[in-house]
Amino acid sequence: MTTRLTVAQALVRFLAAQYTERDGVRQRLISATWGIFGHGNVAGLGQALVEYADDMPYHQGRNEQSMVHAAVGYARQSNRLSTHAVTTSIGPGATNLVTGAALATINHLPVLLLPGDTFATRVADPVLQQLEVPYAGDISVNDCLRPVSKYFDRVTRPEALIPAALQAMRVLTDPVETGAVTLALPQDVQAEAHDWPDEFFAVRTWTVRRPGADPTELAEAVQTIRAARRPLVVAGGGVHHSRAEEALAEFASATGIPVASTQAGKGSLRHDHPQDVGGVGHTGTATANELARQADLVIGVGTRWTDFTTASGTLFAADGVRFLNLNIAPYDGHKLAGAPLVADARSALQELTGALQLHAHRVTGAYVDEYTLDKERWEQRVDACYEADEPDIRPTQPQVLGALDALVDESDVVINAAGSLPGDLHKLWRARSRDQYHLEYGYSCMGYEIPAAIGVKMAAPDRNVWALVGDGTYLMMPTEIVTAVQEGIAIKLLLIQNHGYASIGGLSETVGGERFGTAYRYQSDDGTYTGAPLPVDLAANVASLGMRVLRAKTVRDLRAALEEARAADTPTCVYVETETADTVSGAPPAQAWWDVPVAETATRPSAVKARELYERHVSTRRRHL
């Protein structure tokens, strides 16, 4: 039996019938579609979404990149088991997807991209917004999406949709391969009718695997852990993707091994778990980084070992330090010349715990006492950063976080991605639940926070969802505030105004850049931006987009505004001005180095001094072989 439909109609019906299953829980794989329509998709996918509105919910976006961010936020909150599709027209609508696609793929988060494309038949050539490539007739701007997609196909004939759609679902549901998946859809093909086998629209359930460890690798891992005197676990985002938090807590409690976390892995243990020692790496805690420097065995669980985590190869400094990498992806399992344990994080942690308990293995009491005392000292530093002795003055950025920290409970979700906030949050924030701390730091994309908060709120409508945004990030992409207002999505926006790029300003100062071009100020006679701060009223801008705004001038005001915002059932912004971007944030400085190359030749004293310090740090770098 067959059914005659357009390609776009067939695709929408197919997507509505796809499900995932893991641990006996089944859910829609593509639960909604975001779209901005133009001539490249309005008559195809646009018409199909109207035709099958009961089967495929639709959300209207304002920017193509931010639609991808919203879908990614939804996918992460859904543990990668459900996501959204995003459709755009051809031309700039399609190329606007590239940044969002890169973010999704780098963070191993599934999203389905459906950009329109130029005519497959080439009867109208060139069409509006078409990029002409003289040496190749089969290239369009959509080919920009190839390097940032885990799977890419251009559906140039109706019958090609069937294998392309099935491959797309395979990649989206593969815990190793998942990321952005792109099906480029020529606008004429979208509207073309075809007789489709009814089997194409049958309900399909894609099982998300939990592979166990290879027995040989498991035995070697157990032997390696038992031989270590100062082991340290580094928990990455894979712990969350696997829902392995409970298994990690049991492993840590049973063995006494301390657990540090990457930005993506923070919250793998609650902040008050005895073995949790906080963030590790350039933005980490002094406790975790000192343990890392002295560790003889580093057990990476679901981490891809970025330079922020390794302090650009300078952090893990002990003679003979070894790495054991528990990762579902073999590529990551072999990094840092580590012994691979290729498996699902939850499955392998449970296997490791059981095997080590057979030997009654546990680290020494002296080691536990050491990191417990160091953790207590660090918590005292956090308290000092959060404390506001004078509640009627303008807060520092850590005091802003402290006010929020004092208000939230384990049901709140805090979202951030870029600027100075990730460093402060990684060091200071006390994660109360497995998914409270939502930092996108694989791509650290400015503009992610507001649309991602919308996606998270869609996935968890009963949770309080906070988008923490600096003025630099806000100015990049505030437009989805309109979407939150339009759909009544009650996100909370904490907007911090410090008049510039605080993070890059601080970095610029350390590398001899003298904060050039990092403050939002009027231009001076010498061409630098060192004049008075700009008279920009971001709170008024937020209000003009339809969101309720609560202004806070002091710590006392801030506390009251945050409490009011948390209780609100409509989209609400708390606006607060902190120190300017050319002053320190008040948080503890970096506890480990990060390699940003400094000019090798310069005449300005700041750059000369920065280069001398850079060369001292570089000399401590090592390759783990």
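Predicted model only: the values in this text are computed from it and were never measured.

Participant: So what's going on with a nonpolar patch on the surface? Which residues, and what values?
Facilitator: Among the surface-exposed residues, Phe 37, Val 42 and Tyr 58 lie close enough to one another that they form a single nonpolar patch of about 240 Å² accessible area. Among the secondary structure elements, Tyr 58 is positioned in strand E5 (residues 58-60).

Participant: Which residues make up the packing of helix H16 (residues 397-405) against helix H23 (residues 555-567), and what values go with them?
Facilitator: Across the interface, H16 lies against H23 with an axial gap of 9 Å and an inter-helix angle of 40°. For the element pair H16 / H23, the angle class is oblique. H16 and H23 meet at a crossing whose hand is right-handed. Contacts between H16 and H23 involve Gln 399, Val 400, Ala 403 and Leu 404 on the former and, on the latter, Val 555, Leu 558, Arg 559 and Leu 562. By residue class, the composition of the contact of H16 with H23 is six nonpolar, one polar and one charged.

Participant: Go over the nonpolar core with me, naming the residues and quoting the values.
Facilitator: Note that soluble globular proteins tend to have their nonpolar side chains buried in a common cluster. Grouped together as the largest cluster of nonpolar side chains are 53 residues, with contacts concentrated most on Ile 225, Leu 341 and Leu 352. The contact partners of Leu 352, leaving out residues within four places of it in the chain, are Leu 218, Ala 221, Val 222, Ile 225, Phe 251, Leu 326 and Leu 341. Of all hydrophobic cores here, the second largest spans 47 residues; its members include Ile 36, Val 148, Val 469 and Ile 481.

Participant: I'd like to hear about the environment of Thr 216, residue by residue, with values.
Facilitator: Summarising the element assignment, Thr 216 is placed in helix H8 (residues 215-227). When its relative accessible area of 49% is taken as the criterion, Thr 216 is described as partly exposed. A sequence separation of 399 residues divides Thr 216 from Glu 615, and the C-alpha atoms of the two residues are 43 Å apart.

Participant: An account of the pairing of strand E7 (residues 111-117) is requested, with residue identities and associated values reported.
Facilitator: Across the seven residues that make up E7, a large majority, seven, are buried. Of the two faces of E7, both are covered, the one formed by Val 111, Leu 113, Pro 115 and Asp 117 as well as the one formed by Leu 112, Leu 114 and Gly 116. Inspection of the sheet shows strand E6 (residues 83-88) paired to E7 by four bridges, in the parallel sense. Within the sheet, the bridge partner assigned to Ala 85 lies in E7 and is Leu 112.

Participant: Can you lay out the sheet that holds strand E2 (residues 18-22) for me, pointing to particular residues and giving the numbers?
Facilitator: With mixed pairing, three strands are arranged side by side in an open sheet as E3-E2-E11. Of all strands in the sheet, those with a lone pairing partner are strand E3 (25-28) and strand E11 (204-207), marking the two edges. Averaged over all neighbouring strand pairs, the angle between strand axes comes to 30°, with direction disregarded. Sheet topology places E2 next to E3; four bridges connect them, and they run antiparallel. Looking across to E3, one finds that Arg 22 is bridged to Val 25. Along the sheet, helix H1 (residues 7-16) makes contact with E2, E3 and E11, crossing E2 at roughly 25°.

Participant: I'd love a proper account of the pattern of salt bridges, names of residues and values included.
Facilitator: Throughout the structure, instances matching the rule amount to 33 salt bridges. A salt bridge links Asp 272 to Arg 270; the nearest nitrogen and oxygen atoms lie 2.9 Å apart. Of the residues examined, Arg 270 reaches a relative accessible area of 35% and is grouped as partly exposed. Arg 430 is the partner of Asp 383 in a salt bridge, and the nearest nitrogen-oxygen pair spans 2.7 Å. Of this pair, Asp 383 sits in helix H15 (residues 365-386) while Arg 430 sits in the loop between helix H17 (421-428) and strand E19 (437-439), placing them 47 residues apart in sequence. Several salt bridges converge on common partners, so that one network encompasses Arg 243, Glu 245, Arg 434, Asp 435 and Arg 463.

Participant: Requested: an account of H8, with residues and values cited.
Facilitator: An ideal rise of 1.5 Å per residue puts 18 Å on 13 residues; H8 measures up with 18 Å between its terminal C-alpha atoms. Of all the positions in H8, only Leu 218, Ala 221, Val 222, Thr 224 and Ile 225 are classed as buried. Each buried residue of H8 lies within a common arc of 165° when the element is viewed along its axis, so the set occupies one face. Exposed residues pointing more than 90 degrees away from the buried face of H8 are listed as Pro 215, Gln 223 and Ala 227. Two or three places before Thr 216, at the start of H8, stands the capping residue Asp 214, its side-chain oxygen 3.0 Å from that residue's backbone nitrogen.

Participant: Which residues make up the sheet that holds strand E18 (residues 413-416), and what are the values?
Facilitator: Strand order in this open sheet of six strands is E19-E18-E20-E21-E23-E22, and the pairing throughout is parallel. Whereas interior strands pair on both sides, the edge strands pair on one side only; in this sheet they are E19 and strand E22 (548-552). Strand-to-strand twist across the sheet, computed as the mean angle between neighbouring axes with direction ignored, equals 20°. By the bridge criterion, five bridges tie E22 to strand E23 (residues 572-577) in an arrangement that is parallel.

Participant: Could you give an account of the packing of aromatic side chains, with specific residues and numbers?
Facilitator: Enumeration over the complete set of coordinates arrives at twelve aromatic pairs. Considering the side-chain rings of Trp 196 and Phe 200, the 5.8 Å spacing of their centres and the 20° angle between planes classify their relative orientation as stacked. Centroid distance Tyr 501 to Tyr 520: 5.1 Å. Interplanar angle 70°. Geometry classified as edge-to-face. Of this pair, Tyr 501 sits in the loop between strand E21 (492-497) and helix H21 (502-510) while Tyr 520 sits in the loop between H21 and helix H22 (538-544); the two residues are 19 residues apart in sequence, bridging distant segments of the chain. Overall, the relative accessible area of 27% leaves Tyr 501 in the partly exposed class. Here a set of aromatic residues connected by ring pairs shows up, and it is made of Phe 14, Trp 196, Phe 200 and Phe 201. It is Arg 13 that lies over the ring of Phe 201; its NZ or CZ is 4.3 Å from the centre. Note that Arg 26 overlies the ring of Tyr 19, its terminal NZ or CZ placed 3.9 Å from the centroid.

Analysis parameters
- Residues numbered from 1 in each chain as written.
- Predicted model: local features only at pLDDT ≥ 70, side-chain atom pairs only at ≥ 80, totals over all residues.
- Heavy atoms only, no water.
- Patch = residues over 30% accessible without salt bridge, like charges linked within 9 Å, V, L, I, M, F, W, Y side chains within 5 Å.
- Areas by Shrake-Rupley, 256 points an atom, 1.4 Å probe, with all protein chains shown as cover.
- Salt bridge = Lys/Arg side-chain N within 4 Å of Asp/Glu carboxyl O.
- Helix = DSSP H or I, 4+ residues; strand = E, 2+ residues; numbered from the N terminus.
- Axes fitted to C-alpha atoms, helices over the stretch in contact; angles between N-to-C directions.
- Parallel < 35°, antiparallel > 145°, perpendicular 65-115°, else oblique.
- Left-handed = near helix turned anticlockwise from the far one by under 90°.
- Contact = heavy atoms within 4.5 Å.
- Nonpolar A, V, L, I, M, F, W, Y, C, P; charged D, E, K, R; others polar.
- Core = buried A, V, L, I, M, F, W, Y, C linked by side-chain atoms within 4.5 Å.
- Buried < 20%, exposed > 50% of the residue type's maximum accessible area, 1.4 Å probe, protein only.
- Pairing = 2+ DSSP bridges.
- Expected span 1.5 Å × (residues − 1).
- Arc of directions from axis to C-beta.
- Polar contact = N/O pair within 3.5 Å; in protein donor to acceptor, adjacent residues only side chain to side chain.
- Phe/Tyr/Trp six-rings, centres within 6.5 Å; stacked < 30°, edge-to-face > 60°.
- Lys NZ or Arg CZ within 6 Å of the ring centre and 35° of its normal.

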